[in-house]
Amino acid sequence: MHLARTAAAAIKNRAPPLLLSRHLATTTATMDPADLAITPTVDEQRLFRLLNAAARHAPQPVVCRVAGGWVRDKLLGKESDDLDIALDTMMGYDFAQVLAAYVRDHADEAHAVVSDAADAVDAARAASKHGPHAALFAGLAKIQSNPDKSKHLETATCRVLGYDLDFVNLRSETYQEHSRIPAAVEFGTPLQDAQRRDCTINALFYSVATAQVEDWTGRGLLDLAHQVIRTPLAARETFHDDPLRVLRAVRFASRLGFRLDESVVAAVRDDPAIHDALANKISKERIGVEVGKMLAGPSPAHAIAMLDHLGVLRTVAFAHFDELRLFRRTAPHNLALGAPTLVPATDVVPAELAEVQRDVNLTGSQATAAALEWLARTRPDRHATALLDALHLSSDASLLPALDAATTTAFLSAVTLPFAPYACSVPRTSSIFPHTAKKPQASQVHPPAAIHPLAPHVVKTNLKLTNHDAEWVALCHAAVPHVSAMALAYRADPAARPAAVHKFAWTGAHEERVALGQLVRRVGGRGVGGAWRAAVTVALAADLAPHLAIATDPSSLIPRVTGLAAGHESAARDVARGYAALLSRIATLRLGDAWSAKPAINGNDVAKSLQVPKGPLLKEALEWVMEFQLAHDTTAQADALAWMREHFHAGAKREHENGGESDVPKKRRASQEERDGVALSKQ
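A brief report on the enclosed structure follows. (Residues numbered from 1 in each chain as written. Predicted model: local features only at pLDDT ≥ 70, side-chain atom pairs only at ≥ 80, totals over all residues. Heavy atoms only, no water.)

Moving on, we come to the packing of helix 27 (residues 603-610) against helix 28 (residues 616-632). Closest axis-to-axis distance for the helix 27/helix 28 pair is 10 Å, and the angle between their directions is 105 degrees. In this view, helix 27 runs roughly perpendicular relative to helix 28, as classed from their interaxial angle. From helix 27, Gly-603, Val-606 and Ala-607 reach across to helix 28, where they touch Leu-618, Ala-621 and Leu-622. For the contact of helix 27 with helix 28, a count of residues per class yields five nonpolar, one polar and no charged. (Axes fitted to C-alpha atoms, helices over the stretch in contact; angles between N-to-C directions. Helix = DSSP H or I, 4+ residues; strand = E, 2+ residues; numbered from the N terminus. Parallel < 35°, antiparallel > 145°, perpendicular 65-115°, else oblique. Contact = heavy atoms within 4.5 Å. Nonpolar A, V, L, I, M, F, W, Y, C, P; charged D, E, K, R; others polar.)

Okay, here's the thing in structure tokens:
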């Protein structure tokens, strides 16, 4: 194998590392040496002793090094189970086989090596998955290289003393133009392996043989201490080799609260080729994975701010928009009409690409994301108690369930909210049309493509996230104006009973119960379920953001909510008071789980008891039943049937006799224009 032939030469030419002890002598006086020390736990020491013992039984000299994330996290004082073992002269699977053979053929020696005779074994360690009872070795598997899935090197995985280990060889890579797939992967020196990594803080090694941290780039420890994200080589070279490293740099900066080095910022902002590569060279799946990890991290708002500052947010979000038919929506989605993933043709007018690019303000989404992050208490300095104090709501805990419900998808909805006023359709001749569908010939006549909200298209096509994510975003965006309007009604009058929109003619307390219950059911539809509170929190963040004072650190770009904006204190409190009153009424009326309620009478019983034929009329009858349940807070079948016999049949008969008009409670029917629009959008 070529890798094996070049291994010896690679080791001969390796440069001496910058060890931790040597590095500390050259760093600034403000650095605390203890912050850069690694003290392995007792169980990690047992693991390292076992690896060293196995290495002594290898057919050739080999040094095991822990690479990447474990070293970084341990230096930051964080525990980590993510151990990647890099080998200087052997392939990962070959060494894993050596380890397996050592444990099998020299079992007594292996057990003696990891013996706890001289170590204290407390109750916590005894119960630990890495403790004395953990199996020495299990589950060896080989993962073949798969460049199409961003797996460029063969990897061996196994479980050793309860740790899931990945074994790989040190390597060097050369890239071909217009692809992030390496043209050649060979055995490399530790320096070459460190230089191919995304940033210096991830290029640190911990030598299992010498128990020392190795900083081959000469910058990793210093950057870690100064909280800087820097590339091992020139930033432009690193990003041209693999543009995905831009997103990884942003992800690590937001995860750790670090700043991007100026060389990184300049390389990305000033180089159109990198933006073109992000739009056309990197698979959308890999981009979506990185963005998803950012939004699931401790500071999504920081990640969004950096992506926007680099111009990457627009590059990724607007990719291939020139292949779409774009529309501006003239009316918000009516949740009563069904799936928010379709837009009636009557509710849109054509829009130009330049208009969408001009009016979609992704920079503005930073404020909503920062407000949502503050509300969700994702940082220790943004605790809900301080928020409620600032908004004069300390004695009202009704907001807390909604604040705690904010999810990764909620942040995705907040970031894409500027796209909500627009819709799109994908021409069947577009290059982004699903590859599973056969493109029609130019001579074929086919119906117009369906019109969808633009934001879910970005989520599903440009980020390649799941259908569930796209539907969640569509439903959240459709719900925001309805939730905001309902909160406004309660803001104006905390004792208000909002009118039931598109419902039966309920009055008094029944009207409020139906309105709130249907709001929860519609916002909690399409797989959102109990996460409807997260959608409410997105609406709250969007309404509250204009009234917050948000300061962005000019160096790290971390946005921080510093309080209420001057002159906006009263408006901010009014917004919070309206949402608190809305959520309080939903809780008081026990409607928080209304999204999961089922009709008290099933379809067969309704059809049999009321002689309703199956079809649209039966569907409408079940909606009558649900509204009766919401209005009266009951699931009693007898009561529902009695009410249905009195009102549903009378309403149907009187409607027929009056030529379609009825004076009993009935559900508003969609207009002919609405029905035509939905039908057209489904074609």
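Now that the structure has been shown, the text picks up again.
Right, let's get into the sheet that holds strand 16 (residues 452-453). Sheet architecture is open: four strands sit in the order 14-13-15-16, paired in antiparallel fashion. Both edges of this open sheet fall to strand 14 (348-351) and strand 16, since each of them pairs with a single strand only. Direction of pairing for strand 13 (residues 325-329) relative to strand 14: antiparallel, over a ladder of four bridges. Residue pairing in the sheet places Leu-326 in a bridge with Ala-351 of strand 14. (Pairing = 2+ DSSP bridges.)

It is worth spelling out the nonpolar core at this point. One finds Leu-51, Phe-95, Phe-167, Leu-260 and Phe-419 to be the most contacted residues of the largest nonpolar core, which totals 160 residues. If one sorts the elements of this core by residue count, helix 23 (residues 467-492) sits on top with twelve residues. Beyond its immediate stretch of four places on either side in the chain, Phe-95 contacts Leu-51, Ala-54, Ala-55, Val-62, Cys-64, Leu-87, Met-90 and Phe-167. Formed by 19 residues, the second largest nonpolar core is a distinct cluster that contains Val-514, Ile-601, Val-625 and Met-644. (Core = buried A, V, L, I, M, F, W, Y, C linked by side-chain atoms within 4.5 Å. Buried < 20%, exposed > 50% of the residue type's maximum accessible area, 1.4 Å probe, protein only.)

Across the six residues of strand 5 (residues 155-160), five count as buried, placing the element largely inside the fold. Bridge count for strand 4 (residues 138-143) against strand 5 is four bridges, and the pairing is antiparallel. Following the sheet pairing, Lys-142 is matched in strand 5 by Ala-156. In this structure, strand 5 lies alongside strand 6 (residues 163-169), joined through five bridges in antiparallel fashion. The residue of strand 6 that forms the bridge with Ala-156 is Phe-167.

With the rule as written, the count across this model stands at one cavity of 30 Å³ or more. Taken as a whole, the largest cavity spans an internal volume of roughly 170 Å³. When residues of the lining of the largest cavity are traced back to their parent elements, those giving at least two are helix 14 (284-296), helix 15 (300-310), helix 16 (312-317) and helix 21 (408-416). The element that contributes the greatest number of residues to the lining of the largest cavity is helix 16, accounting for four residues. Of the residues assigned to the lining of the largest cavity, the class counts are 16 nonpolar, one polar and no charged. (1 Å grid on protein atoms, 1.4 Å probe; cavity = no way out; pocket = protein on both sides within 12 Å on 5 of 7 lines; lining within 4 Å. Points joined across faces, edges and corners; volume = space filled by probe spheres on them.)

We now examine the packing of aromatic side chains. Tallied over the entire structure, the rule returns nine aromatic pairs. Judged by centre distance (5.6 Å) and plane angle (55 degrees), the rings of Phe-318 and Phe-419 are tilted. Separated by 101 residues along the polypeptide, Phe-318 in the loop between helix 16 and strand 13 and Phe-419 in the loop between helix 21 and strand 15 (422-425) bring together distant segments of the chain. Here Phe-318 and Phe-419 have matching classes, each one buried. An aromatic cluster is present here, built from Phe-48, Trp-70 and Tyr-206 joined pairwise through their rings. Sitting over the ring of Tyr-93, Lys-142 keeps its end group 4.5 Å from the ring centre. We note Arg-251 situated over the ring of Phe-252; from NZ or CZ to the ring centre the distance is 4.8 Å. (Phe/Tyr/Trp six-rings, centres within 6.5 Å; stacked < 30°, edge-to-face > 60°. Lys NZ or Arg CZ within 6 Å of the ring centre and 35° of its normal.)

By the element assignment, Leu-260 lies in strand 12 (residues 259-260). According to the relative accessible area criterion, Leu-260 is buried, its value standing at 5%. C-alpha separation for the pair Leu-260 and Gln-227, spaced 33 residues apart in sequence, amounts to 8.8 Å. When sequence neighbours within four positions are dropped, the list of residues in contact with Leu-260 reads Ile-229, Ala-249, Val-250, Ala-253, Val-265, Met-306 and Leu-310.

This part covers the pattern of salt bridges. One pass over the structure, following the stated rule, counts 25 salt bridges. Arg-104 serves as the salt-bridge partner of Asp-105, at 3.1 Å between the closest nitrogen and oxygen. Given the relative accessible area of 58%, Arg-104 is considered exposed. Among the ionic pairs, Arg-230 bridges to Asp-261, the shortest N-O distance being 3.1 Å. Highlighted residues: Arg-230 in the loop between strand 11 (228-229) and helix 10 (235-241) and Asp-261 in the loop between strand 12 and helix 12 (262-269), separated in sequence by 31 residues. Accessibility classification places Arg-230 together with Asp-261 in one group, the buried group. (Salt bridge = Lys/Arg side-chain N within 4 Å of Asp/Glu carboxyl O.)

This part takes up the environment of Thr-368. Its location among the elements puts Thr-368 in helix 18 (residues 365-375). Take Thr-368: its relative accessible area is 10%, and that puts it in the buried class. For the pair Thr-368 and Ala-541, spaced 173 residues apart in sequence, the C-alpha to C-alpha distance is 5.6 Å. In this view, Thr-368 contacts Ala-414, Ala-541, Ala-542 and Ala-545; residues no more than four positions away in its chain are not counted.

Moving on to the side chain of His-302. Inspection of the secondary structure assignment puts His-302 in helix 15. The buried category is assigned to His-302, whose relative accessible area is 1%. From its side chain, His-302 meets the backbone oxygen of Ser-556 in a polar contact 2.8 Å long. When sequence neighbours within four positions are dropped, the list of residues in contact with His-302 reads Ala-253, Ser-254, Gly-257, Phe-258, Glu-373, Ser-556, Leu-557, Ile-558 and Pro-559. (Polar contact = N/O pair within 3.5 Å; in protein donor to acceptor, adjacent residues only side chain to side chain.)

Even without being a glycine, Gln-611 presents a positive backbone phi close to 55 degrees. Within the element layout of this structure, Gln-611 appears in the loop between helix 27 and helix 28. What makes Gln-611 exposed here is its relative accessible area of 70%. Here the phi dihedral of Asp-633 falls at roughly 50 degrees; this positive angle occurs in a residue that is not glycine. Owing to a relative accessible area of 36%, Asp-633 belongs among the partly exposed residues under this scheme.

A few words now on the pairing of strand 13. As paired strands, strand 13 and strand 15 are joined by four bridges and run antiparallel to one another. Each residue of the ladder has a partner; that of Phe-327, found in strand 15, is Ala-423.

A separate point is helix 3 (residues 42-56). For an α-helix the count is 3.6 residues per turn, leaving residues at separations of three or four pointing the same way. With 15 residues, helix 3 should cover 21 Å at 1.5 Å per step; its first-to-last C-alpha distance of 22 Å lies within 8% of that length. The element helix 3 is extensively covered by neighbouring structure, given that eleven of its 15 residues are classed as buried. Taken residue by residue, helix 3 has Asp-43, Glu-44, Arg-46, Leu-47, Phe-48, Leu-50, Leu-51, Asn-52, Ala-53, Ala-54 and Ala-55 as its buried positions. (Expected span 1.5 Å × (residues − 1).)

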